[in-house]
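Understanding the architecture of this molecule
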Amino acid sequence: MEMEGSSKKMIATQEEMVENRVPIPYRDQCAHLLIPLNKCRQAEFYLPWKCEIERHVYEKCEYELVMERMLQMQKIREEEAKLKQAGKQGVSIPFIPKTANV
């Protein structure tokens, strides 16, 4: 299952995510990194100084996804601005209305 518009592929399957009880909002392209992170957290009793490597890798993956979405949105906005600008240039307001019989 690949998310449309993303360069990252889904590595964790739906069955793996259900089996490891990954919450639905976290089932994205970085879920394969969240599974070992959650296992490490449970094994280490959620001590904040444990599992730093796993947490860093997962957070980096999430950051890259956010940055990718931001770039995609920026491209969409630029395209819309170009279309809007081209539309404004093509339509001009006449000085003399057509209803005036000149």
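In this report, the structure presented in the accompanying data block is examined. (Residues numbered from 1 in each chain as written. Predicted model: local features only at pLDDT ≥ 70, side-chain atom pairs only at ≥ 80, totals over all residues. Heavy atoms only, no water.)

A word on the state of the cysteines
If you walk through the whole model with that rule in mind, you get two disulfides. The residue that forms a disulfide with Cys30 is Cys61, at a sulfur-sulfur distance of 1.9 Å. When the S-S torsion is -85°, as for the bridge of Cys30 with Cys61, the disulfide is left-handed. Here Cys30, found in the loop between α1 (14-19) and α2 (31-43), pairs with Cys61, found in helix α3 (residues 52-90); they are 31 residues apart in sequence, far enough to count as distant. The exposure class of Cys61 is buried, given its relative accessible area of 5%. With its sulfur 1.9 Å from that of its partner, Cys40 forms a disulfide with Cys51. Its S-S torsion of about -95° marks the bond between Cys40 and Cys51 as left-handed, since a negative value means left-handed. Of this pair, Cys40 sits in helix α2 while Cys51 sits in the loop between α2 and α3, and the two are eleven residues apart along the sequence. Of the two residues examined, Cys40 and Cys51, each falls in the buried class. Sequence-ordered numbering of the disulfide-bonded cysteines in the chain gives the connectivity 1-4, 2-3. (Disulfide = S-S within 2.5 Å. Helix = DSSP H or I, 4+ residues; strand = E, 2+ residues; numbered from the N terminus. Buried < 20%, exposed > 50% of the residue type's maximum accessible area, 1.4 Å probe, protein only.)

Notes on the pattern of salt bridges
One pass over the structure, following the stated rule, counts four salt bridges. For Glu59, the salt bridge identified is with Arg55, shortest N-O distance 4.0 Å. Of this pair, Glu59 and Arg55 both sit in helix α3, four residues apart, which is roughly one turn of the helix. Given the relative accessible area of 43%, Glu59 is considered partly exposed. It is possible to trace a salt-bridge network through shared partners that takes in Lys8, Lys60 and Glu64. (Salt bridge = Lys/Arg side-chain N within 4 Å of Asp/Glu carboxyl O.)

Quick word on a nonpolar patch on the surface
A contiguous nonpolar patch, built from Tyr63, Val66, Met67 and Met70 and spanning about 380 Å² of accessible area, is present on the exposed surface. With respect to the helices and strands, Met67 occurs in helix α3. (Patch = residues over 30% accessible without salt bridge, like charges linked within 9 Å, V, L, I, M, F, W, Y side chains within 5 Å. Areas by Shrake-Rupley, 256 points an atom, 1.4 Å probe, with all protein chains shown as cover.)

The quantities given are spatial measurements derived from coordinates; they are silent on function.
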